[in-house]
Amino acid sequence: GERTADAKAAPRDGVLRGLIRNCQSAPMRAKITIKNARGKLVQTLENGDDDHVEVELAPGRYNVRIEAPGYRSHTQAVQIKGNGVSVLNADLRAE
């Protein structure tokens, strides 16, 4: 295998890339809560005015909850792999 100057023994973080839209497929602002498999809060963030969100996470399983005012919340389990990209696409439905 190739060795790079910054190679570490531990696997590198993976990336969670999300696309958050409402049911009309319009971009929307939402609050994202990420918890690990034990239910411990790892990170909360909000996507910007576009519909994309991107966050680095250590490899493992996570539960991602997406909330926006006037919409039903959306929870999805994701698996993050070292150096990998996991994609989360959420379409939020109006309440």
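Use the structure listed above.
Residues numbered from 1 in each chain as written. Predicted model: local features only at pLDDT ≥ 70, side-chain atom pairs only at ≥ 80, totals over all residues. Heavy atoms only, no water.

A word on the overall build of the protein
Part 1: A tally of helices and strands in the protein yields zero helices and seven strands.
Part 2: Shown N-terminal to C-terminal, the secondary structure of the protein runs as helices and strands in the order β-β-β-β-β-β-β.
Part 3: Across the 95 residues of the protein, 32% fall into the buried class.
Part 4: Within the protein, residue pairs in contact and separated by at least 24 positions form 52% of the contacts whose partners lie at least 6 positions apart. (Helix = DSSP H or I, 4+ residues; strand = E, 2+ residues; numbered from the N terminus. Buried < 20%, exposed > 50% of the residue type's maximum accessible area, 1.4 Å probe, protein only. Contact = heavy atoms within 4.5 Å.)

Concerning the environment of glutamate 54
Part 1: Within the fold, glutamate 54 resides in strand β4 (residues 52-57).
Part 2: Excluding residues that lie within four positions of it along the chain, glutamate 54 makes contacts with Val15, Leu16 and Arg17.
Part 3: At 2.8 Å, the side chain of glutamate 54 forms a polar contact with the side chain of arginine 17. (Polar contact = N/O pair within 3.5 Å; in protein donor to acceptor, adjacent residues only side chain to side chain.)

Regarding the sheet that holds strand β6 (residues 74-80)
Part 1: With antiparallel pairing, the four strands of this open sheet are ordered in space as β3-β2-β5-β6. Two strands in the sheet have a free side with no partner beyond their single neighbour: β3 (41-46) and β6. Strand-to-strand twist in this sheet, taken as the mean axis angle between neighbours without regard to direction, amounts to 20 degrees.
Part 2: One ladder, built from six bridges, connects strand β2 (residues 31-36) with strand β5 (residues 60-67); its direction is antiparallel. Counted as the bridge partner of lysine 35 is asparagine 63 from β5. (Pairing = 2+ DSSP bridges. Axes fitted to C-alpha atoms, helices over the stretch in contact; angles between N-to-C directions.)

Keep in mind these numbers describe shape, not what the thing actually does.
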